[in-house]
Amino acid sequence: MTMDLQTERCGVDGAAAAARRVIDALVRAGDISGADMAGIADRLNAVADDLEAQAPPLRDRLVNMWRGDGNTRHDPAAGPENPIAPPLAYTGRPDGSIESDVTLGLPYQGPPSSVHGGVSALLLDHTLGVANGWAGTSGMTAELTLRYHHPTPLFEPLTVTARQVSVDGRKIRTTGAIAAAGRTCVTAEGLFIAKPLPRPR
Ligand SMILES: CCCCCCCCCCCCCC(=O)SCCNC(=O)CCNC(=O)[C@H](O)C(C)(C)COP(=O)(O)OP(=O)(O)OC[C@H]1O[C@@H](n2cnc3c(N)ncnc32)[C@H](O)[C@@H]1OP(=O)(O)O
C-alpha cells in the first residue's frame, strides 16, 4: 500500500518542486556556466520578497503544518511542501516494512559523486520514524547508529527501507538501510522513545 502524501495536493507542492529544480540547476551551473548569476539572484530575491510579504503569521502556518494526525507534508525528507526534501515517497510492504525509491542529485553530494553522510542520516532517521508510524507506535529518536558500508552513489536509483523491530514499554527499536543496485550502502539502527509532543493548535 502506498502512503500517498499527494492526495491533498495543494498549490505549494508545485512551487516547491520548481524551487527544487532551481536548487539543482544552481548547484549544477556553479560559476563556470554562462548564466547571469547577478540577474538570477535579483529574480529569486523578487520571488522571496513576494512570498515573505504574503506569508501568514508563523503560528498559523505551524498549526496548518500539523493538521491531521498522519504523515507530515513539510518535513525535510519526504515533505512534498519542502523544497529541500528530495522528496521520498513511501510504500508499505505486507511484512510491515516500508520502502522508498529515490535518485539524488548534486545538492546532496558529499564525497565525489556520492551522497553526503549527513543526508543519508536524515533520510534514514525519517524513514525509521515513518516505519514506526506505519507499525502503529511512534517515538522521538533517542539514538541513531549508522554504518556506512560503501559510498552511496548520486544519479542512480536508491532504495531506502525501514522496519520496526520491537516495542518494549516506551522503547522502540527500528532498523533501516539504503541500497543501490542491490548493494547495501548504509545501515541504521534506531532507538526511539514513545513521547508524543503536543501539536501546535
Ligand atoms: C503512517 C505513517 C505515519 C508516520 C507519522 C510520522 C512520521 C514522522 C517521522 C519523523 C521522524 C523524525 C524523528 C526525529 O527527528 S525526532 C527529533 C530528534 N530527537 C530528539 O530531539 C529527541 C530529544 N530527546 C528527548 O526528547 C528525550 O531525551 C527523549 C524523548 C528521547 C527521552 O526523554 P524522556 O524524558 O521521555 O525519557 P526518560 O528519561 O523517561 O527515559 C525513558 C527510557 O528511555 C531511555 N532513554 C532515554 N533517552 C535515551 C537515549 N538517548 N539513549 C538511550 N536510552 C535512552 C531511558 O534510559 C529510559 O529507559 P529505562 O530507564 O526506563 O530503561
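Residues numbered from 1 in each chain as written. Predicted model: local features only at pLDDT ≥ 70, side-chain atom pairs only at ≥ 80, totals over all residues. Heavy atoms only, no water.

## Remarks on the site of the ligand
So, step 1. Close to the ligand lie 16 residues, the nearest being T141, E143, R170, K171 and I193.
So, step 2. Backbone polar atom of T141 to a nitrogen atom of the ligand: 3.0 Å apart, as the coordinates give it.
So, step 3. Between a nitrogen atom of the ligand and a main-chain N or O atom of A142, the distance comes to 3.2 Å.
So, step 4. When residues of the shell around the ligand are traced back to their parent elements, those giving at least two are helix 4 (117–135), strand 4 (140–148) and strand 7 (183–193).
So, step 5. Of the residues forming the shell around the ligand, the biggest block, six residues, is contributed by helix 4.
So, step 6. Its residues assigned to classes, the shell around the ligand shows six nonpolar, five polar and five charged. (Near = heavy atom within 4 Å. Polar contact = N/O pair within 3.5 Å; in protein donor to acceptor, adjacent residues only side chain to side chain. Helix = DSSP H or I, 4+ residues; strand = E, 2+ residues; numbered from the N terminus. Nonpolar A, V, L, I, M, F, W, Y, C, P; charged D, E, K, R; others polar.)

## Topic: helix 4
So, step 1. For helix 4, spanning 19 residues, the distance from its first C-alpha to its last is 27 Å, which sits close to the expected 27 Å at 1.5 Å a residue.
So, step 2. All of the buried residues in helix 4 are V119, S120, A121, L123, L124, H126, T127, L128, V130, A131 and N132.
So, step 3. The positive-phi residue at the C-terminal boundary of helix 4 is G136, with phi of around 105°. (Expected span 1.5 Å × (residues − 1). Buried < 20%, exposed > 50% of the residue type's maximum accessible area, 1.4 Å probe, protein only.)

## Description of the UniProt feature "domain: Thioesterase" (unreviewed entry) in the protein chain
So, step 1. Summarizing the sequence annotation, UniProt attributes the feature "domain: Thioesterase" (unreviewed entry) to residues 115–176 in the numbering used throughout.
So, step 2. This span, residues 115–176, is 31% helix and 42% strand, and a straight line between its end C-alpha atoms measures 17 Å. (UniProt positions renumbered as here; feature names shortened; annotations may be inferred.)

## Focus: the side chain of R20
So, step 1. Here R20 lies in helix 1 (residues 11–29).
So, step 2. Although buried, R20 forms no salt bridge, and the nearest oppositely charged side chain, D13, lies 7.2 Å from it.
So, step 3. The contact partners of R20, leaving out residues within four places of it in the chain, are G79, P80, N82, P83, A85, P86 and P87. (Lys, Arg positive; Asp, Glu negative; His and termini not counted. Salt bridge = Lys/Arg side-chain N within 4 Å of Asp/Glu carboxyl O. Contact = heavy atoms within 4.5 Å.)

## Remarks on the pattern of salt bridges
So, step 1. What the rule picks out here adds up to five salt bridges.
So, step 2. Between E81 and R67 there is a salt bridge, and its shortest N-O distance comes to 3.9 Å. Of this pair, E81 sits in the loop between helix 3 (58–65) and strand 2 (90–92) while R67 sits in the loop between helix 3 and strand 2; the two residues are 14 residues apart in sequence, bridging distant segments of the chain.
So, step 3. For R67, a relative accessible area of 32% puts it in the partly exposed group.
So, step 4. Between R93 and E99 there is a salt bridge, with its nearest N and O atoms 2.6 Å apart.
So, step 5. Assessed through its relative accessible area of 32%, R93 is described here as partly exposed.
So, step 6. Within the structure, one salt-bridge network assembled from shared partners comprises D13, R61, R67, R73 and E81.

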